[in-house]
Amino acid sequence: MLARISIIRYALFIIILLWISVNNSVNASDDLKQQLDNYNVVWKTQSQNSSESMPLGGGDIGCNVWVENGDILFYISRSGAFDENNQLLKLGRGRLRLEPNIFADSEAVFSQELKLHDGYIQIIGQKGYEKVAIDLWVDVYKPQINISLTSTSEVKLTAFYENWRTADRQLPMLERSACFSYSAYDGDVVTYKDNIRYQKNAVLWYHRNRPDKLLIDFCINQQGLTAVKDQLTNPQKNLTFGGIMLGREMKPSGTGSGKYVDTPFTYWSLTSKEPAKNHQIKLALHTDQTNTIEAWERVLHSSDLSFDNQLAWEKTKTWWNRYWERSYIFINADKNDPTDPAWQAGRNYQLFRYQLGCNAYGAYPTKFNGGLFTVDPAFVKQYAEPNHGTPDYRTWGGGSHTAQNQRLVYWPMLKSGDFDMMQAQFKFYSRALKNAELRTKVYWGHEGCSFTEHSETFGLPAAGTWGFESGPRKRSEDLEHGTLTNKWVRLHYTNQLEFSFMILKYYQYSGKTIEEYIPFITSSLNFFFEHYKYRQMQQTGKPFDENDKLVIYPSTACETFKDIKNPTDISAALIAVIQALQTVPDNCLSREQKDYWKNQLKHVPEMTYANYNGKKILVAGNNLPERINSDLPEMYPIFPYGLYGIGKPNLPIAIDTWNSGQLDDRKNFISWHQDAIFCARMGLTEEAQKVSLLKMQDSGRRFPSFWGPGHDYVPDHNWGGSGMLGLQEMLLQIANEEIYLLPAWPKEWDVQFRLHSTENTIVECTFSKGHITKLNVSPRKRLKDIAESNN
């Protein structure tokens, strides 16, 4: 816990910090590279299958790379590759084979290494004087995968493009979670075939969405929106995604077929014209909505397809170098002991941040349920019944975005300063805003956007949550039009407020303009005020209760408590968003508009409390029924909304709530559970430490940060995101313009970190043997805002 300190002591504290700052400001780029090199993942044996793959990526491309039985293989994924069913499809699989093949020689020394600092993978085979080195990297600035081979002797290289979507395929019921809208749908669901062909000395492939098979049209008809169909934004129409594979001095060498794990495939191969000591392969990708396939192809071919890649590679390596310089956390780094759980937590923090960086500039957000790095579902073993689906499978869908989980992927980007990477998540909402507003107007006749918990990329609810005409998710005829069937998310609109709050915090941290997102924020607020006035008018003929407050009923506290009144998490959200809205510049929101929203605070219902053993604690809301999930909406005033916490009033209420025993059977560390974040924000160091070690320990899979499945899938990105947040909050918190250093950090852990704070502030600190030995704060004027912690 942090204590307030005397003026004299505080002055001495600032003087010490100034001395540390002046005397320890050095260029640490070499040290940073060395630390990251210690975190490189190095494998000395080949993999058994795709589950033992290593992530590679950049820009908006992700590849799973592994070596199996002497072949180098890699899955290809890209942000925004959504098919007719809004399933996020892989773009295929690559395979490389050498002749003679040193990787098939059991006596050769093997190495596969992810080189974090420069963002690429190097695979080496060596036997005596014979050596082959293969570098794989993804261009950050244009959608291209590049592969270069260097050998001490001449070898022949064959590259295979492998595709399992060469014919239309009926999706079995077990696989329909991959296109979440159709999960449990008892009609036909088809994954439609791709188009693949040789084009001169290259392999060209693409998937173009069929105009009469689009999920958005199914949802429009299902959800009674045909009258406004022409006004709805349609991101599926004419969408085409694919690419081209070509090699330097390579020619077509035939097609064939095979089977990998459970999935048959067809391949198209290119082979080097002559054996050589150097080979290069390029896969260029393209995704766009074009009126014709010819227009799509023209843009693909107009991209730079040359093999003169040196400048592009240097620019990509520079991007990754600067990415690591922007932010880091190194725990017990001097020990460099991979068996040390604290060291593992620091290493896995960096590995997971690498995974996030692979979709830095995607058209769509990084998916919480696997990101760009899912593999064959046979290796996930999420349910009792084995899943023999294709590599396109993932639980909880590709185009449907579960907001409760997505948020945890993006919150840690504030303190890591990855502001440019947050745009994809914000644009998800601004892009679909019109559709979410139209559905509100059609159903209830009032203003505001209603983004449901499972929203598709086009802003309408996932069809399975709405309910079908027949089958296990049949929609009741008695259910109000506009309301969802799915009981977990039936009334769950809250997270549009949380993302509004995230955007406002993004402004407070970065100072970057958020003008384009203000309509989403105000529309999100507007929905809650208008919708629950509408509900109260239905019940009583008056918009507010006798205390001039909104009556938020029927509603839900997260997915945990259903049909309750005035959920605490929603009251906290409304308060936090309206307060944060007051901080934006007047050119984003006028003073008159700010005053309007500030005045609306008087209508927000109070958060709900109870007396438990003589102590005041938070509860999730009024008239709580039996819970149906294990989230902790009682703790949302602590995180994300920051109404309670270190440096803020009434912190004991939060701590007493945590310690009351009322939450114990919902506390956990896996997947999206946020216990470490809550504990850190309350200054409960020992508990935050314990949970963070459990959450950030090695995954048990070959790649240490491929956690899951937990509640979701593999790799579980909201597992990693919530783990990052826990460590960040243990190191740095902000309250009332003060920056609290090490507010929940254990004295026995040494740490070096560089994290971001509000007002575009960067804090760089070294804590060793129980003392701060280095502190740099930029800009220097914020040094006065550093608050002392117990450390």
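Refer to the structure above for everything that follows.
Residues numbered from 1 in each chain as written. Predicted model: local features only at pLDDT ≥ 70, side-chain atom pairs only at ≥ 80, totals over all residues. Heavy atoms only, no water.

Draft legend 1. Focus on the environment of Glu-516. Here Glu-516 lies in the loop between α10 (495-510) and α11 (518-540). Glu-516 sits in the partly exposed class, given a relative accessible area of 46%. As a C-alpha pair, Glu-516 and Lys-427 span 89 residues in sequence and 9.1 Å in three-dimensional space. Glu-516 has contacts with Gln-423, Lys-427 and Ser-430, leaving out every residue within four places of it along the chain. A distance of 3.2 Å separates polar atoms of two side chains, one belonging to Glu-516 and the other to Lys-427. (Helix = DSSP H or I, 4+ residues; strand = E, 2+ residues; numbered from the N terminus. Buried < 20%, exposed > 50% of the residue type's maximum accessible area, 1.4 Å probe, protein only. Contact = heavy atoms within 4.5 Å. Polar contact = N/O pair within 3.5 Å; in protein donor to acceptor, adjacent residues only side chain to side chain.)

Draft legend 2. Just the sheet that holds strand β18 (residues 328-331), in detail. With antiparallel pairing, 4 strands are arranged side by side in an open sheet as β18-β27-β28-β29. Whereas interior strands pair on both sides, the edge strands pair on one side only; in this sheet they are β18 and β29 (771-778). Strand-to-strand twist across the sheet, computed as the mean angle between neighbouring axes with direction ignored, equals 15°. Here 7 bridges tie strand β27 (residues 751-757) to strand β28 (residues 761-768), and the two strands are oriented antiparallel to one another. Following the sheet pairing, Leu-755 is matched in β28 by Val-763. Those strands touched by helix α2 (residues 29-39) are β18 and β27, and its axis lies near 65° from that of β18. (Pairing = 2+ DSSP bridges. Axes fitted to C-alpha atoms, helices over the stretch in contact; angles between N-to-C directions.)

Draft legend 3. Representation of helix α17 (residues 717-731). For α17, spanning 15 residues, the distance from its first C-alpha to its last is 21 Å, which sits close to the expected 21 Å at 1.5 Å a residue. With respect to burial, α17 is a largely interior element, 15 of its 15 residues being buried. (Expected span 1.5 Å × (residues − 1).)

Draft legend 4. Looking closely at the pattern of salt bridges. Per the stated rule, a full pass over the model turns up 41 salt bridges. A salt bridge links Lys-127 to Glu-107, with the shortest nitrogen-to-oxygen separation between them at 3.3 Å. Taken as a pair, Lys-127 in strand β7 (residues 120-127) and Glu-107 in the loop between β5 (92-99) and β6 (109-115) lie far apart in primary sequence, 20 residues in all. Note on Lys-127: relative accessible area 34%, which makes it partly exposed. For Glu-107, a relative accessible area of 59% gives the class exposed. Taking the shortest distance from any N to any O, the salt bridge between Arg-754 and Glu-764 comes out at 3.2 Å. Pair noted here: Arg-754 is in strand β27 and Glu-764 is in strand β28, with a separation of 10 residues, a long-range link. A single salt-bridge network, built from bridges that share partners, covers Asp-71, Arg-93, Arg-95, Arg-97 and Glu-162. (Salt bridge = Lys/Arg side-chain N within 4 Å of Asp/Glu carboxyl O.)

Draft legend 5. Structural view of the side chain of Asn-209. Mapped onto the elements of the fold, Asn-209 is located in the loop between β13 (202-208) and α3 (215-222). What makes Asn-209 buried here is its relative accessible area of 4%.

Draft legend 6. Seen up close, the packing of helix α5 (residues 310-326) against helix α6 (residues 341-357). For the pair α5 and α6, the least separation of the axes is 12 Å and the interaxial angle reads 130°. It follows from the interaxial angle that α5 and α6 lie oblique. Judged by the sense of rotation from one axis to the other, the crossing of α5 with α6 is right-handed. Touching Trp-319, Trp-320, Tyr-323, Trp-324 and Arg-326 of α5 are Gln-350, Arg-353, Tyr-354, Leu-356 and Gly-357, all from α6. Grouping the amino acids of the contact of α5 with α6 by side-chain chemistry returns 6 nonpolar, 2 polar and 2 charged. (Parallel < 35°, antiparallel > 145°, perpendicular 65-115°, else oblique. Left-handed = near helix turned anticlockwise from the far one by under 90°. Nonpolar A, V, L, I, M, F, W, Y, C, P; charged D, E, K, R; others polar.)

Draft legend 7. Molecular detail of the pairing of strand β3 (residues 61-68). Counting buried positions over the 8 residues of β3 gives 8, a clear majority of the element. Judged by which residues are buried, β3 turns out to be covered on both faces: Ile-61, Cys-63, Val-65 and Val-67 on one side and Gly-62, Asn-64, Trp-66 and Glu-68 on the other are all buried. Pairing between strand β2 (residues 54-58) and β3: 5 bridges, direction antiparallel. The partner of Met-54 across the bridge, within β3, is Val-65.

Draft legend 8. Representation of the packing of aromatic side chains in the model. Tallied over the full model, the rule gives 52 aromatic pairs. Both rings, one in Tyr-39 and one in Trp-343, keep their centres 5.3 Å apart while their planes meet at 70°; by these two values the pair is edge-to-face. Separated by 304 residues along the polypeptide, Tyr-39 in helix α2 and Trp-343 in helix α6 bring together distant segments of the chain. Trp-343 matches Tyr-39 in its accessibility class, with the two residues each being buried. Seen from their ring centres, Trp-66 and Tyr-75 are 5.3 Å apart, and the 40° between their planes marks the pair as tilted. With respect to burial, Trp-66 and Tyr-75 carry one shared label: buried. An aromatic cluster is defined as three or more aromatic residues linked by ring pairs; in this entry it consists of Tyr-443, Trp-444, Trp-466, Tyr-493, Phe-527, Phe-528 and Tyr-532. For the cation-ring pair, Arg-93 lies above Phe-265, with the distance from its terminal atom to the ring centre recorded as 4.9 Å. Positioned over the ring face of Trp-658 is Lys-667, at 3.9 Å from the centre of the ring. (Phe/Tyr/Trp six-rings, centres within 6.5 Å; stacked < 30°, edge-to-face > 60°. Lys NZ or Arg CZ within 6 Å of the ring centre and 35° of its normal.)

Draft legend 9. Quick peek at the packing of α10 against α11. Packing of α10 against α11 leaves a shortest axis separation of 9 Å and a crossing angle of 145°. Pair α10 / α11 crosses with left-handed handedness. Residues Gln-496, Leu-497, Phe-499, Ser-500, Ile-503 and Leu-504 of α10 form the contact with α11, whose participating residues are Phe-520, Ile-521, Ser-524, Leu-525, Phe-527 and Phe-528. When its residues are assigned to classes, the contact of α10 with α11 shows 9 nonpolar, 3 polar and no charged.

Draft legend 10. The arrangement of the environment of Asn-86 in detail. Secondary-structure assignment places Asn-86 in the loop between β4 (71-78) and β5. C-alpha of Asn-86 to C-alpha of Ile-123: the two residues are 37 residues apart in sequence and 35 Å apart in space. At 2.8 Å, the side chain of Asn-86 forms a polar contact with the side chain of Glu-456.

Draft legend 11. Looking closely at the nonpolar core. Core analysis: the largest hydrophobic core is formed by 209 residues, its most contacted members being Ile-123, Ile-514, Met-682, Trp-745 and Phe-753. Not counting chain neighbours up to four residues away, the residues in contact with Ile-123 comprise Val-65, Val-67, Ile-72, Phe-103, Phe-110, Ser-111, Gln-112, Val-132, Ala-133, Ile-134 and Leu-136. By size, the runner-up hydrophobic cluster in this structure holds 11 residues, among which are Leu-204, Tyr-206, Leu-246 and Leu-305. (Core = buried A, V, L, I, M, F, W, Y, C linked by side-chain atoms within 4.5 Å.)

Draft legend 12. Focus on helix α16 (residues 685-696). For α16, built from 12 residues, the straight-helix expectation of 16 Å at 1.5 Å per residue is met to within 8% by its first-to-last C-alpha distance of 16 Å. When we look at burial in α16, the residues that qualify are Ala-688, Gln-689, Val-691, Ser-692, Lys-695 and Met-696. On the buried face of α16, the contacting elements are α6, α15 (675-681) and α17.

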